[in-house]
Amino acid sequence: MSFDEMDVDTIWMDGEFVDWEDAQIHVLTHALHYGTGVFEGVRAYETENGTAIFRWEEHLDRLYNSCKPYDLDIGYDREELTEATERLVREQDLGSCYIRPIVFYGYDSLGVSPGDNPTRTAIAAWPWGTYLGEDALENGVEVMVSSWRKHASSQIPTNAKTTGLYVNSMLAGEEARRNGFAEAIVLNKEGDVAEGPGENLFMVRDGEIFTPGLAESILDGITRDTVITLAEERGYTVHDQATISRGELNTADELFFTGSAAEVTPIRRVDNVEIGDGSRGPVTEELQTAFFDLVERRTDDHDEWFSYVGE
Ligand SMILES: Cc1ncc(COP(=O)(O)O)c(C=O)c1O
């Protein structure tokens, strides 16, 4: 859905709440030219006790950490960003929604060195449904192993959520969609499995769970961590620093993606190979159910992961 069709009118920008159409930047903004920004993608869920932001503190941790290699100085503390975000959700009456904080180099000069360019910070929130399509959660998606490789962490820090990194995600995702697939799987420089363009990847084999480790050029996903926790609480062995070869994808019993946008999405086919019996597998379904029971608060577990925005 386009922003123009949405019932949202306010964005927080550099300490002020501004009208949606006034949240503008100059065309010579440093980050527009060089990808020098970092961001977060966060979901809030409508629950019986009002709208709750899921794992906000961990998203803030990652936002501040993402700034470090780029010397971006947010200039607002955690309480200020939290208050701004809660107000955006509360005052626009947003139930389940997506929240996008972004921090970037602004406008002053256009050398690659950011020099005296100011750090700009903005937060927006809007309704956003299922990321990979309506029936993806139930029936799974068909994915293609991309011909594009993920950058190594020695080229760009892959554990920082940097705007510029997403040209790689866009290339991989669009290649997949042009070929009739819903999404891509991206291999790392060594040719082993890294992740999706905007998702981490999990594999189930012989009742155990595997997900590529942090050294495989992945983003350290917060949904990844959530699903690892939920799986271990249900007695599964989780290999969370795995190296998964491309070939192992073909013989997996189950595969699924995780992400704040993609939530827990089964994968039913990789290239020409059907995964398992070509539908959502039982372990995926169990963890997906546990995930939605958690975030929609049909259980009391992990209340520490929820920030209620209040009435
Ligand atoms: C490249 C990439 N990997 C993984 C993820 C999943 O991370 P998270 O679960 O924190 O949203 C995302 C989404 O933010 C992503 O963009």
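Quick summary incoming for the structure in this document.

Each value, and the rule that gives it
Residues numbered from 1 in each chain as written. Predicted model: local features only at pLDDT ≥ 70, side-chain atom pairs only at ≥ 80, totals over all residues. Heavy atoms only, no water. Axes fitted to C-alpha atoms, helices over the stretch in contact; angles between N-to-C directions. Helix = DSSP H or I, 4+ residues; strand = E, 2+ residues; numbered from the N terminus. Parallel < 35°, antiparallel > 145°, perpendicular 65-115°, else oblique. Left-handed = near helix turned anticlockwise from the far one by under 90°. Contact = heavy atoms within 4.5 Å. Nonpolar A, V, L, I, M, F, W, Y, C, P; charged D, E, K, R; others polar. Salt bridge = Lys/Arg side-chain N within 4 Å of Asp/Glu carboxyl O. Buried < 20%, exposed > 50% of the residue type's maximum accessible area, 1.4 Å probe, protein only. Pairing = 2+ DSSP bridges.

## Concerning the packing of helix 6 (residues 222-233) against helix 8 (residues 282-295)
- Relative orientation of the contacting elements helix 6 and helix 8 amounts to 110°, with a least axis distance of 10 Å. Here helix 6 lies roughly perpendicular to helix 8, going by the angle between them. Remark: the crossing between helix 6 and helix 8 carries right-handed chirality. Along its contact with helix 6, which presents Thr 223, Thr 226, Val 227, Leu 230 and Ala 231, the element helix 8 presents Leu 287, Ala 290, Phe 291 and Leu 294.
- Considering only residue class, the contact of helix 6 with helix 8 consists of seven nonpolar, two polar and no charged.

## Focus on the pattern of salt bridges
- One pass over the full model with this rule turns up 21 salt bridges.
- Notably, a salt bridge pairs Asp 14 with Arg 120, separated by 2.6 Å at the nearest N-O pair. Of the two residues, Asp 14 sits in the loop between strand 1 (10-13) and strand 2 (16-19) while Arg 120 sits in strand 7 (residues 119-126), which places them 106 residues apart along the sequence.
- Among the residues examined, Asp 14 registers a relative accessible area of 24% and is labelled partly exposed.
- For the salt bridge of Glu 233 with Arg 234, the shortest nitrogen-to-oxygen distance reads 3.9 Å.
- Its relative accessible area of 44% is what places Glu 233 among the partly exposed residues.
- Taken together, the salt bridges that share partners define one network made up of Arg 55, Glu 58 and Asp 225.

## Quick notes on the pairing of strand 9 (residues 183-187)
- Summarising burial for strand 9: five of the five residues are buried, a large majority.
- Side chains of strand 9 alternate between two faces, with Glu 183, Ile 185 and Leu 187 and Ala 184 and Val 186 buried alike.
- Summarising the sheet, strand 8 (residues 141-149) and strand 9 pair through four bridges and their orientation is parallel. Looking at the pairing, Arg 149 lines up with Leu 187 of strand 9.

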